[in-house]
Structures are given as structure tokens and as C-alpha cells.
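# Structure assessment
Read off the chains here:
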Amino acid sequence: MLKGKTAVITGSGRGIGKAIALKMASLGANIVINDIPASDYADECAEEVKALGVDAIVVRGDVRKKEDVDLLVKTAAEKFGSIDIFVNNAGVTRDGLMLRMSEEDWDLVMDINLKGAFNCIKAVARTMMKQRSGSIINIASVVGEMGNVGQANYSASKGGLIALTKTTAKEFASRGIRCNAVAPGFIASAMTDKLSDEVKQQYFKAIPLAKFGETSDVADVAAFLASDMSKYVTGQVINVDGGLLM
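In this report, the structure presented in the accompanying data block is examined. Being a predicted model, the structure only gives us computed values, none of them experimental. (Residues numbered from 1 in each chain as written. Predicted model: local features only at pLDDT ≥ 70, side-chain atom pairs only at ≥ 80, totals over all residues. Heavy atoms only, no water.)

## Some details on the environment of Ala38
Turning to its location among the elements, Ala38 is positioned in the loop between strand E2 (30–35) and helix H2 (42–50). Between the C-alpha atom of Ala38 and that of Arg60, which follows or precedes it by 22 residues, the distance is 8.6 Å. (Helix = DSSP H or I, 4+ residues; strand = E, 2+ residues; numbered from the N terminus.)

## Points about the pattern of salt bridges
Under the counting rule described, the total for this entry stands at 7 salt bridges. Here Asp70 and Lys66 are joined by a salt bridge, their closest N and O atoms 2.7 Å apart. Placement of the pair is Asp70 and Lys66 together in helix H3 (residues 66–80), with a separation of 4 residues, close to one helical turn. Note on Asp70: relative accessible area 28%, which makes it partly exposed. With a relative accessible area of 51%, Lys66 lands in the exposed category. (Salt bridge = Lys/Arg side-chain N within 4 Å of Asp/Glu carboxyl O. Buried < 20%, exposed > 50% of the residue type's maximum accessible area, 1.4 Å probe, protein only.)

## Comments concerning the sheet that holds E2
Spatially, E3-E2-E1-E4-E5-E6-E7 is the arrangement adopted by the 7 strands of the open sheet, whose pairing is parallel. In this open sheet, the two edge strands, each paired with only one partner strand, are strand E3 (56–60) and strand E7 (237–240). The average angle at which neighbouring strand axes cross in this sheet is 20 degrees, direction not considered. With 4 bridges joining them, strand E4 (residues 85–88) and strand E5 (residues 134–139) adopt parallel strand pairing. Of the residues in E5, the one forming a bridge with Phe86 is Ile136. Those strands touched by helix H6 (residues 152–172) are E5, strand E6 (177–184) and E7, and its axis lies near 160 degrees from that of E6. Against the sheet, helix H9 (residues 215–226) makes contact with E4, E5, E6 and E7, and its axis sits at roughly 165 degrees relative to E6, the strand it touches most. (Pairing = 2+ DSSP bridges. Axes fitted to C-alpha atoms, helices over the stretch in contact; angles between N-to-C directions. Contact = heavy atoms within 4.5 Å.)

## Concerning the nonpolar core
The biggest cluster of nonpolar side chains holds 41 residues, and the ones touching the most others in it are Val8, Val32, Ile83, Phe86, Val124, Met128 and Ile136. Of all the secondary structure elements, the ones that give two or more residues to this core are E3, H3, helix H4 (103–131), H6 and E6. For this core, the leading source of residues is H4, giving 9 residues. Discounting chain neighbours no more than four positions away, the residues touching Phe86 are Val8, Thr10, Leu72, Val73, Cys120, Val124, Met128, Ser135, Ile136 and Ile137. Core analysis: the next-biggest nonpolar cluster, separate from the first, contains 31 residues, Ile33, Cys45, Ala46 and Ile139 among them. (Core = buried A, V, L, I, M, F, W, Y, C linked by side-chain atoms within 4.5 Å.)

## Thoughts on the side chain of Asp35
Take Asp35: it is sitting in strand E2. Buried and unpaired, Asp35 has no salt bridge, with Arg14 as the nearest side chain of opposite charge at 6.2 Å. At 2.9 Å, the side chain of Asp35 forms a polar contact with the backbone nitrogen of Gly13. Contact partners of Asp35, with chain neighbours within four places excluded, come to Gly11, Ser12, Gly13, Arg14, Ala42, Val59, Arg60 and Gly61. (Lys, Arg positive; Asp, Glu negative; His and termini not counted. Polar contact = N/O pair within 3.5 Å; in protein donor to acceptor, adjacent residues only side chain to side chain.)

Remember that the coordinates give geometry; whether it matters functionally is a separate question.
Given below as C-alpha cells:
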């Protein structure tokens, strides 16, 4: 389904990003793994990807820095000749009630989750415009649609990412570039493992399918959006949340 294509995935050393990398690799795509320089997981992910019979490289860098993003795109294009899929997955949380939230925590989350995606879209769009094709996939969140107590920064960043998705889709559609967002709900991961049992139980009760999602659930939808099976889909937000937000 993705044979011969190249996918760049930010924040793909572990968690949802890694699941997306492995899923796309299993479908034949070569993978460019991006994570912060301090990450110990990126090389492990690359080895797992290669074990699936495709090629993979690791390009470390900070999506907040334009020069790092430009290098990521340049390296990927030079190595594989094209960039067919770009997944903006890099993200962080710094939760806290709004009145107690520091300016530093607000800025950090907005810079990585939203500005980072903007930097990446701007950089990769030039390559995709020359190709007159490409699929950009932004990993948002249901809290970007419904808000959440204690996550003013995170929900605002993800809401902004949804708006950025729609604008990107409109600006680049004429060049054959599609842009969509995946909005996960409660997905079992290192990020959600930090939540208290009480908070987890509250989420569980609100999910009609009565179970938490897995990273593979998000990866499956991302793979669909990356493939020609979604060639007439752009500017959309697909929730992967077990019915949490209806």
C-alpha cells in the first residue's frame, strides 16, 4: 500500500510515533525517524523498521528550530529522492491548572506542538510542491476539540494544530498536497501512564467502547491517510477515541 514511498515522522522514537513508523514500514515505506538529540529510542526504532525489510535513517533535531527542520527535510530528500508522507507527531505535555501554569510551560508546549508543526509543514511543502503530491498528517488530540481541565496549553496547541491542518489543506490542495489530522482520545502510552488511577477511571467511564485505545489504533488511521485509499480526503479530523467525543 505504501511500497516505495518515504515517510518522515517527528517524535518517532517511541509511543504513537514509533507505532506509526512500524505500521508504515510494514506496508513498504522507507522511514525517516526524527527525535530530540537526547533520545535513546530512535536508533532502536530504526533497527525494528529495518527488520521489516525497508530502509530507515535517524535524523535527530528539535522541531522548534528552523535549521533542524530544514536539515531533516534536506537529509530525507537526499537519501530517498522524495518525501511522500510527513507526520507531525512530536509533542509534549506540561499539565496544570491555568492559574498555576507558568509562562514557561505554556510556551514550551505551544512551541513544540504547534510551532514545530508549522516549521515542518513550511519546510516539507517546498519538496512536495515540486513533486505535486504528498500527504501531511498532523497528530492532534480530542482535547483540542473539547478542551480539558488542567491542559490549557496542550488543548490550545492541539486546537491550533487542527486549524493549521485545515488551512494547510486549503493552501496546498491545488499542488496535489493533502493535509489531515488524527485526534487520539485516551491511548495507552508513556504519556497516559503518568495519570492517576482516578483520572484513568473517569476517562474509562466516558468511553462508549469501554476500553482504552492502543498506539496501533492511531497508526492504522495514519496509514490510511498516507495511502491512496484516502486520495480524496483532505482537511479532515479523524477521531480515534472509542466514541469519547461524539
